[in-house]
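# Structural overview for review
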Amino acid sequence: METLTLILGSGSTIAILLIIGFFLKPYLDWCWNSKDSLESQVARTSFQCSPGELVVPAWKAPEVMLSVIVPAYNEEYRLPQMLDETVTYLESRGDAAATFTYEVIVVDDGSSDNTYVAAMSSASREPALRHGDVRVIQLAANGGKGFAVRAGMLAARGQLLLMADGDGATSIRDLERLERSLGPSEATASAAAARGVQQQVQIAFGSRHHLKEEALTKRAWHRNLLMLGFHFAVWCLVGGTINDTQCGFKLFRAHVGKQIFASLHLYRWAFDIEVMILARLLGAGIAEVPVTWVEMPGSKLNLLTGAITMLRDMALVQALYAWGIWQPAAMS
């Protein structure tokens, strides 16, 4: 009897430890990754980069007008078309305005397929590009979508930083809608901040909220249930007025984007929620902008496990910021 009691007690202890470990996993992952520099977690790049120069210092003046950051994990089939459409559009912008310059940064998040090769095929077009270039960064291991976006943002050299998913679900032409929604230039925004004017719009979230009714009629009931439950959880845990936090098409002014992603702790699917929290802490306003969107086959997100882990991450990130354990990074 005593042996049985001991076994049951040990089993309960193990179960409790596993639950605690699951809940704290994002924090433990951040502790582990924060020990190493970003450069030490990069396997290779398509461009020459001296040690210590991959992460662009916050004080350095932008070299191009726009950086497009494309996180990619096992996207060898969907990525080429997205890059072709993106580069074609950006070149046309350059043809129309001589001052327009750009870079596309593809971050291969430790893919097990030929994503890096697919991205390099676009980078090989560089001699024919007149207004920009395509850069490819391959991470040594899969770190999560948030980690891949963070790597691209910190390496970006643009005045504006666009996050765009590699599946091409949102048309790159919707960039113009996001640009129009942003507030004044960085210099004007800084002057306004000095006068005490807060919440300048410095971030634009592409949104599929206007497509909600159509999506509800087309999707299976269980997908709709999970989607509505997630939106309710975001409203309860995070608040705010943004209806669609997860659309992979977001535009940042460089000074705000770099500080947010230098501060990022969540590296998986819920990183967009932390972006919202950080924007609020930094006094950066967010505009929600309707974009065109096509549901693409081949999503890497498991709805059930994704919903559970995202709910955990949202609760944890709120708690850690409320307790002062996590805070926005200071920018030099």
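Rules and cut-offs
- Residue numbers restart at each chain and count upward from 1, following the sequence in its written direction.
- Per-residue local features are limited, in this predicted model, to residues with pLDDT of at least 70; the limit for side-chain atom pairs, both in listing and counting, is 80 or more; totals at the level of whole chains, interfaces and linings are taken over all residues.
- Note that water and hydrogens are dropped before the side-chain values are worked out from all heavy atoms of the structure.
- For the exposure calls, accessible area comes from a 1.4 Å probe over protein chains only, and a residue counts as buried if that area is under 20% of its type's maximum, exposed if over 50%, partly exposed in between.
- Strands here mean DSSP runs of E at least two residues long; helices mean DSSP runs of H or I at least four residues long; both are numbered from the N terminus.
- Joining through side-chain atoms within 4.5 Å is the link that ties buried Ala, Val, Leu, Ile, Met, Phe, Trp, Tyr and Cys residues into a set, and such a set is a nonpolar core.
- Here a residue-residue contact requires only that any non-hydrogen atoms of the pair lie within 4.5 Å.
- We count a salt bridge whenever a side-chain nitrogen from Lys or Arg sits within 4 Å of a carboxyl oxygen from Asp or Glu.
- Note on pairing: DSSP must find at least two bridges between two strands before they are called paired.
- Here the expected span of a helix is defined as 1.5 Å times the quantity of residues minus one.
- Residues adjacent in sequence count toward polar contacts only when both atoms are side-chain atoms; beyond that, a polar contact is any pair of N or O atoms within 3.5 Å, and within protein one must be able to donate a hydrogen and the other to accept it.

Attention shifts here to helix H4 (residues 145-155). For H4, the buried fraction is high: eleven of the eleven residues fall into the buried class. Within H4 the residues assigned to the buried category are Lys145, Gly146, Phe147, Ala148, Val149, Arg150, Ala151, Gly152, Met153, Leu154 and Ala155.

We now examine the environment of Ile277. Its location among the elements puts Ile277 in helix H10 (residues 271-282). The class of Ile277 is buried, set by a relative accessible area of 4%. C-alpha of Ile277 to C-alpha of Gln318: the two residues are 41 residues apart in sequence and 8.1 Å apart in space.

The next thing to look at is the nonpolar core. With 50 residues, the main nonpolar core has Ile260 and Phe261 as its most contacted residues. If we skip the residues at most four places from it in the chain, Phe261 touches Val149, Arg150, Met153, Leu154, Phe252, Phe271 and Val275. Judged by nonpolar contacts, the second largest core, of 34 residues, contains Met82, Leu90, Val134 and Leu182.

Turning to the pattern of salt bridges, a few remarks are in order. Considering all chains together, one arrives at 15 salt bridges under this definition. The shortest N-O distance in the salt bridge between Arg78 and Glu75 comes to 2.8 Å. The salt bridge partner of Asp244 is Arg208, with a shortest N-O separation of 2.8 Å. Linking Asp244 in the loop between helix H8 (221-237) and strand S7 (249-253) with Arg208 in the loop between strand S6 (200-207) and helix H7 (212-218), this pair joins segments that are 36 residues apart in sequence. Accessibility expressed as a relative area gives 6% for Asp244, which makes it buried. Given the relative accessible area of 22%, Arg208 is considered partly exposed. By sharing partners, the salt bridges in this structure join Lys60, Glu63, Glu103, Asp133, Arg135 and Arg157 into a single network.

The side chains of a regular strand alternate between both faces of the sheet. Taking burial as the measure, the seven residues of strand S5 (residues 158-164) include six buried ones, the bulk of the element. The pairing of strand S2 (residues 64-72) with S5 spans five bridges and is parallel. Pairing of Leu66 across the sheet is with Leu160, part of S5. One ladder, built from five bridges, connects S5 with S7; its direction is antiparallel. Each residue of the ladder has a partner; that of Leu160, found in S7, is Arg253.

The next thing to look at is H10. Taking 1.5 Å of rise per residue, twelve residues should cover 16 Å, and H10 covers 16 Å from first to last C-alpha, within 8% of that figure. Buried residues dominate H10, accounting for nine of its twelve residues. Within H10, the full set of buried residues consists of Phe271, Asp272, Ile273, Glu274, Val275, Met276, Ile277, Leu278 and Ala279. Taken from the residues just after H10, Gly283 is the one with a positive phi, measuring 70°.

Relative to the elements of secondary structure, His265 occurs in the loop between helix H9 (254-262) and H10. For the pair formed by His265 and Asp29, sequence separation is 236 residues and the distance between their alpha carbons is 8.7 Å. Of note is the side chain of His265, whose polar atom sits 2.7 Å from the side chain of Glu274. At 3.2 Å, the side chain of His265 and the side chain of Tyr321 are in polar contact.

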